[in-house]
Amino acid sequence: MTYLAKPKFHHPAIEINDLGFTHRDYEGAISTLCAGCGHDSISSAIMRACFELSLPPHRIAKLSGIGCSSKTPTYFLGQSHGFNSVHGRMPSVLTGANLANRDLIYLGVSGDGDSASIGFGQFAHAIRRAVNMTYIVENNGVYGLTKGQFSATSDKGSKSKKGVANADSPIDMVAIALQLGATFVARSFSGDKGQLVPLIKAALEHKGAAFIDCISPCIAFNNHEGSTKSFDYVRAHNAALNSLDFLSGRAPITADYAEGAMQDVTLHDGSAIRLRKLAGDYDIHDRSAALTHLHRLADEGEIGTGLIYLDEAPSDMHARLGTATKPLNALGDRDLVPGAAALAKINASLR
Amino acid sequence: MPIESVNDFVIRFANVNGSGSASANLLFARSVMRMGVPIAPRNIFPSNIQGLPTWYEVRITEAGHLGARGGVDMMVAMNPQTWDKDVASIESGGYLFYDSSRPIPASKLREDITVIGMPLTDICNREYSDPRQRQLFKNIIYVGALAALLDIDPEEVEKLIGDQFKGKEKLIAPNFKALRMGYDYAKTHFSCPLGIRVRRADLIGDKIFVEGNAAAALGAVYGGATVCAWYPITPSTSLAEAYERYCGRLRVDPATGEKKYGIVQAEDEIAAIGMVVGAGWNGARAFTATSGPGISLMQEFLGLAYFAEIPAVIFDVQRGGPSTGMPTRTQQSDVLLCAYASHGDTKHVLLFPRGPHEAFEFGALAFDLADRLQTPIFVMLDLDTGMNQHLCAPFEWDDKRHLDRGKVMTAEELEAGKEFGRYLDVDGDGIPYRTYPGAHPSKGSFFTRGTSRDRYARYTEEGGPYQDNMERLLRKFDTAKRHVPAPVLQPAAKPTRVGVIHYGSTSFAMDEAMLLLTERGVHVDALRVRGFPFSHEVTDFIAAHEQVFVVEQNRDAQLRTLLMVECGVDPAQLTPVLHYDGTPITARFIATSIASKTIGAPTPEARKVLS
Ligand SMILES: Cc1ncc(C[n+]2csc(CCOP(=O)(O)OP(=O)(O)O)c2C)c(N)n1
Ligand code: SF4
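Residue positions are given per chain, counting from 1 as you read along its sequence in written order. Chains carry letters from A onward and ligands carry numbers from 1 onward, assigned in written order. The predicted nature of this model means local features are confined to residues of pLDDT at least 70 and side-chain atom pairs, given and counted, to a pLDDT of 80 or more, with totals for whole chains, interfaces and linings taken over all residues. Side-chain calculation: all heavy atoms of the structure are included, whereas hydrogens and water are not.

## Re the overall build of chain A
Stage number 1. What chain A contains, in helices and strands, is 12 helices and 11 strands.
Stage number 2. Every radius of gyration here is taken over C-alpha atoms, with the globule rule written as 2.2 Å times N^0.38, N being the number of residues. Taking 2.2 N^0.38 as the reference for a compact globule, 351 residues should give roughly 20 Å; the C-alpha atoms of chain A span a radius of gyration of 21 Å, in line with that estimate.
Stage number 3. Counting only C-alpha atoms and orienting by the principal axes, one finds that chain A spans roughly 75 × 50 × 45 Å.
Stage number 4. Only protein chains enter the accessibility calculation, which uses a 1.4 Å probe. A residue is then buried if its area is under 20% of the maximum for its type, exposed if over 50%, and partly exposed in between. Looking at chain A as a whole, 56% of its 351 residues are labelled buried. The secondary structure listing takes helices from DSSP runs of H or I that are at least 4 residues long and strands from runs of E that are at least 2 residues long, numbered from the N terminus.

## Things to note about the side chain of His579(B)
All names here are of chain B.
Stage number 1. Inspection of the secondary structure puts His-579 in the loop between β23 (574–578) and α20 (587–597).
Stage number 2. Assessed through its relative accessible area of 9%, His-579 is described here as buried.
Stage number 3. Two N or O atoms form a polar contact when they lie within 3.5 Å of each other; inside protein one atom must be a possible hydrogen donor and the other a possible acceptor, and for residues adjacent in sequence the pair counts only when both atoms belong to side chains. Of the polar contacts made by the side chain of His-579, one reaches the backbone oxygen of Thr-583; its length is 3.3 Å.
Stage number 4. The residues contacting His-579, other than those within four sequence positions of it, are Glu-552, Gln-553, Asn-554, Pro-584, Ile-585 and Phe-589. Should any heavy atoms of two residues lie within 4.5 Å, those residues are counted as being in contact.

## Topic: the sheet that holds strand β8 (residues 242–247) of chain A
All names here are of chain A.
Stage number 1. We treat two strands as partners when DSSP finds at least two bridges between them. Taking strand neighbours across the sheet as the criterion, the three strands line up as β8-β10-β9 in an open arrangement whose pairing is antiparallel. Here the strands that pair on one side only, and so sit at the sheet edges, are β8 and β9 (262–266). Averaged over all pairs of adjacent strands, the angle between strand axes in this sheet comes to 25°, irrespective of strand direction.
Stage number 2. In terms of strand pairing, β8 meets strand β10 (residues 272–277) through six bridges, oriented antiparallel. What sits directly across from Asn-242, in β10, is Lys-277.
Stage number 3. Each axis is a line fitted through C-alpha atoms, and for a helix only the stretch in contact is used; angles between axes span 0 to 180 degrees, taken between their N-to-C directions. Together, β8 and β10 form the strand contacts of helix α7 (residues 193–205), whose direction differs from that of β8 by roughly 55°.

## Notes on the pairing of strand β13 (residues 312–318) of chain B
Residue and element names in this part refer to chain B.
Stage number 1. Of all seven residues that make up β13, seven are buried, and the element is covered over most of its length.
Stage number 2. Bridge count for strand β12 (residues 286–290) against β13 is four bridges, and the pairing is parallel. For Ala-289, the partnering residue across the bridge sits in β13 and is Phe-315.
Stage number 3. Sheet analysis places β13 next to strand β15 (residues 376–382), joined by seven bridges and oriented parallel. Within β15, the residue paired with Val-313 across the bridge is Ile-377.

## As for the site of ligand 1
Stage number 1. Nearness is judged by heavy atoms alone; a residue qualifies as near a molecule or strand once a single heavy atom is within 4 Å of it. For ligand 1, the set of nearby residues contains 18 residues, the closest of which are His39(A), Cys68(A), Gly113(A), Asp114(A) and Gly144(A).
Stage number 2. Residues within reach of ligand 1 are spread across chains A and B.
Stage number 3. Contact distances for ligand 1 include 2.8 Å between an oxygen atom and a backbone N or O atom of Gly113(A).
Stage number 4. For ligand 1, an oxygen atom lies 3.0 Å from a polar atom in the backbone of Leu145(A).
Stage number 5. Protein contact buries 77% of the 590 Å² of open area that ligand 1 shows by itself.
Stage number 6. Mapped onto the shell around ligand 1, the elements with two or more residues apiece are α2 (68–71) and α4 (112–118) of chain A.
Stage number 7. At four residues, the largest contribution of residues to the shell around ligand 1 is made by α4(A). Reported accessibility uses the Shrake-Rupley method at a 1.4 Å probe radius. Residues are deemed covered only where the shown protein chains occlude them.

## Brief notes about the packing of aromatic side chains
By convention here, two paired aromatic rings are described through the distance between centres and the angle between planes.
Residues and elements named next belong to chain B.
Stage number 1. For Phe, Tyr and Trp, rings pair up if their centres lie within 6.5 Å, where Trp contributes its six-membered ring, and each pair is then called stacked (planes under 30 degrees apart), edge-to-face (over 60) or tilted (otherwise). Counting across every chain of the model gives 27 aromatic pairs over all chains.
Stage number 2. Taking 5.5 Å as the distance between ring centres and 65° as the angle between the ring planes, the aromatic pair formed by Phe-477 and Phe-532 counts as edge-to-face. Note that Phe-477 is positioned in helix α16 (residues 463–483) and Phe-532 in strand β21 (residues 531–532), a separation of 55 residues in sequence. In terms of burial, Phe-477 and Phe-532 fall into one category: buried.
Stage number 3. Centre to centre, the rings of Phe-532 and Phe-534 are 5.0 Å apart; their planes meet at 70°, and the pair counts as edge-to-face.
Stage number 4. Phe-532 gets classed as buried once you look at its relative accessible area, which sits at 0%.
Stage number 5. By relative accessible area, Phe-534 is classed as buried at 5%.

## Structural notes on the environment of Ile200(A)
Stage number 1. Its location among the elements puts Ile200(A) in helix α7.
Stage number 2. Each C-alpha atom, one on Ile200(A) and one on Ala186(A), is 9.2 Å from the other, the two residues being 14 residues apart in sequence.

## Observations regarding the confidence of the model for chain A
Stage number 1. For chain A, the mean per-residue pLDDT works out to 93, and 93% of the residues sit at or above 70.
Stage number 2. The predictor attaches a confidence to each residue, and that confidence, scored 0 to 100, is pLDDT. This stretch, residues 252–257 of chain A, has a pLDDT under 50; its non-local contacts, to residues over four places away or in other chains, come to 12 contacts.

## Quick word on the nonpolar core
Residue and element names in this part refer to chain B.
Stage number 1. Grouped together as the largest cluster of nonpolar side chains are 191 residues, with contacts concentrated most on Tyr-243, Phe-315 and Ile-501.
Stage number 2. With 10 residues, helix α13 (residues 355–373) is the largest single contributor of residues to this core.
Stage number 3. When residues no more than four places from it in sequence are discounted, the contact partners of Phe-315 are Ala-216, Ala-220, Leu-239, Phe-287, Thr-288, Ala-289, Thr-290, Gly-363, Phe-367, Val-379 and Leu-381.
Stage number 4. Joining through side-chain atoms within 4.5 Å is the link that ties buried Ala, Val, Leu, Ile, Met, Phe, Trp, Tyr and Cys residues into a set, and such a set is a nonpolar core. Within the second largest apolar cluster, 57 residues are counted, among which are Ala-29, Ile-123, Phe-165 and Leu-194.

## Details of the interface of chain B and chain A
A common way to express how large an interface is: the accessible area buried when the components associate.
Stage number 1. Facing 73 residues of chain B, the contacting portion of chain A comprises 56 residues.
Stage number 2. Across the chain B/chain A interface, buried area totals approximately 5400 Å², and carbon plus sulfur atoms make up 60% of it.
Stage number 3. In what follows, salt bridge is the name for a side-chain nitrogen of Lys or Arg lying within 4 Å of a carboxyl oxygen of Asp or Glu. Along the contact surface separating chain B from chain A lie two salt bridges.
Stage number 4. The salt bridge partner of Lys260(B) is Asp335(A), with a shortest N-O separation of 3.7 Å.
Stage number 5. Between chain B and chain A we count 29 residue pairs in polar contact (both at pLDDT 80 or more) in total.
Stage number 6. Looking at the side of chain B that touches chain A, the elements with two or more residues in it are α1 (21–34), β9 (208–211), α7 (212–222), α8 (237–250), β11 (262–265), α9 (269–281), α11 (299–308) and β17 (447–449) of chain B.
Stage number 7. Sorting elements by how many residues they give to the side of chain B that touches chain A places α9(B) first, with eight residues.
Stage number 8. Looking at the side of chain B that touches chain A, its residues break down into 35 nonpolar, 19 polar and 19 charged.
Stage number 9. Relative to β17(B), strand β2 (residues 81–84) of chain A runs parallel, the two sharing three bridges. Within β17(B), the residue paired with Asn84(A) across the bridge is Arg449(B). For any pair of parts, buried area is found by adding up, for both, the accessible area (1.4 Å probe) each one loses once the two are put together. Charged means Asp, Glu, Lys or Arg here, nonpolar means Ala, Val, Leu, Ile, Met, Phe, Trp, Tyr, Cys or Pro, and polar covers whatever is left, Gly included.

This is how it looks when you write it as structure tokens:
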């Protein structure tokens, strides 16, 4: 199998963003995933979010592990440098890349097998280190690429394609991210673009560890009756906590929401998220209440989606380390090499 | 007969770990150095923090031998637990210094040695009421006594104490007092000096005294490393710690306090190498420091870095394996693990520094090589080099030298229309051009992956492009031969058919072994290998000698295997000399092994290779 290039042609009335780019400038190669795979919808939501934010594609670094989900970075942002690392270890590679150049926008894409099993540790540590990134888990509750084994996020009792029920307890990536101190935590559904696109936009603008657990049904191995990650199941059990719109600081959009249930949350650069609360008194600023709320929903068989937690004054790894504002990869000899005179002093101190 | 020797003996301190003896013993060693006499000290310590036995050995060596000698001329026996073994290890005619506060039955002493008992505990109990003080000053008191016994100028010790407690002047006077107490006691109770003694000389010159790991870390600073990701493991931990210390001094912007480096203590070695790979991909110079078990965990990523051609530097401070083996003992047993790290067909560049001077030099060079060759570079240290302080020539740096970032295509070059194909071999040396992420809005981006791809970094599973790529990687490895440090030849005094290949910390003992062998009338040409892939000089050297010994510190003759495989040498031509009990190899061991196995006289070819 070889790489597929997409034919280039432009519709004359095509939408153009602030950079003068069209949607095509955010596309990648043609997807080789199964037709209807949830992951492809997430790719298109990512493209849409980057287009709407007018992000220069070459300033985005997209990194992933191994799996169907991790293949997707080839299918979006063709002008960006990409990195398919090894299975489960994208977070460390992203952390290193971010250390080297803090000026790029880091997008990590992973699967539930990739992040909740083999890479569980790396996922946890990248979050607790507050690496400035958008970390999306395309969560289908199975291993897609290796053909349908249960993953660590498969719900207890959820049935495999062959009808076998999963006996083990699931890992809830959102709960874990909350516990580890992620400063932006969301859950969404690949089938709900209206919710997913603004969430990705807000995550990309967030200056800290932003985590999105995106339920993304696997057409081939996990879209049958008895599965808790199928399209039908998720549609039927989606309990949205809020719906939101992203208001760019550069070009504010106004949305017409019902009075009383609306809340604007400002991000660091002046852009804002306009939240429409659906779940009564749900407070996106209360970490522990969020955990309790999600657990309660899960007990009722519901999947809480939306923006789950936000810290409006996040810190990131560089702030914690006190690293230079100039990217480390841009420092030259004069910054880095102390020179012969300094070495002579060191020699003298060692006698 | 008591041993008589001036400036040439071995003294060993047997202590209890955690008793504060380390700094007193170092004080002793440095005092000898301040007398202008070369020393070669070594720590011998258990894998434990407190309570277990620990030894510190100082070889006092007018000839400046840097290897371990073997044998003990004087034992300072401060650990009752190891008494029998310690006393037994003294050479006949040697000396025993011990704490005589508690009587020792005559059966526990030896007839053929000089026994010097000093009631250290009694003296301390009389002098100090605080238990910690009793412990700490006991060490200083025995240093004072040793100064008298070995004819070390107490003023040199006092000067060092003064330096050590600069800024904590309150501590100086009590240390002086303890030192003098020991000195005076020895002068009045024993006949000083002993048959072994130190005589002032002028043999140190401008040499420095430094730990190998610290030297390598300083090399990383000078090599422009900005990212360090590591996970604690003996014996490499002090390398990362030294890097942090040096960066704190040399890389913090005085005006803003900003750090021109980033250090992350990773959650494990897999993450550490992952971060190094990510940083290297993104154009920063990055390294990790680890030991064998860490390298084992890093295998998958090392293969990725090799195949995807990402610069990375790995300092491997080797210890006794396999598995947790002997974590605080020295070996050279990761050679094959690193040379062929990961699955599939891989080969990696290795550097073999000997001692701190080269640890610094190769430490810095490794980053240029990693960028030039776009591949992982392993700096192969070991515990003996890394965790001991050694005398060595001062570090050198040429201010005209620049960090060589290798083949990086810049935005300007891309803009000017230069063709970019991530895996194109434009120059025929197997090394392609790369771009840093974010370099140009529309040109030069590519996808990095461990799966096969064509010359333009496009995913493909076709056999042709895969093979093409694998062959280019071999060409690149061949190019590496020109970049790694050349081997160093030390010819025998007389023409010989016998050669010896050695590397890394083994070389210190090897230098001395050559002298011992010459004394016995055995002449050998020695070649010190400093890098892998091996250059033609190595193959030529083997071809020019009828018998070649390969001296190393592991069971399975790993460098010999590498020579056989990579240089196509007949195994019969390479005779292994192996030392792997965890202690540093000695000149005596090498000389005896070689002398017992050598054949015949020199050939004309042997002369040729030496000229
Ligand atoms: C070290 C290692 N072990 C196993 C594999 C095989 N493998 C490839 S993808 C995958 C699971 C992917 O599952 P997930 O991350 O959920 O992604 P999906 O394919 O479902 O999107 C596994 C086990 C591998 N590539 N590397
Ligand atoms: S196997 Fe499942 S996850 Fe993989 S591409 Fe097909 S539908 Fe998507």
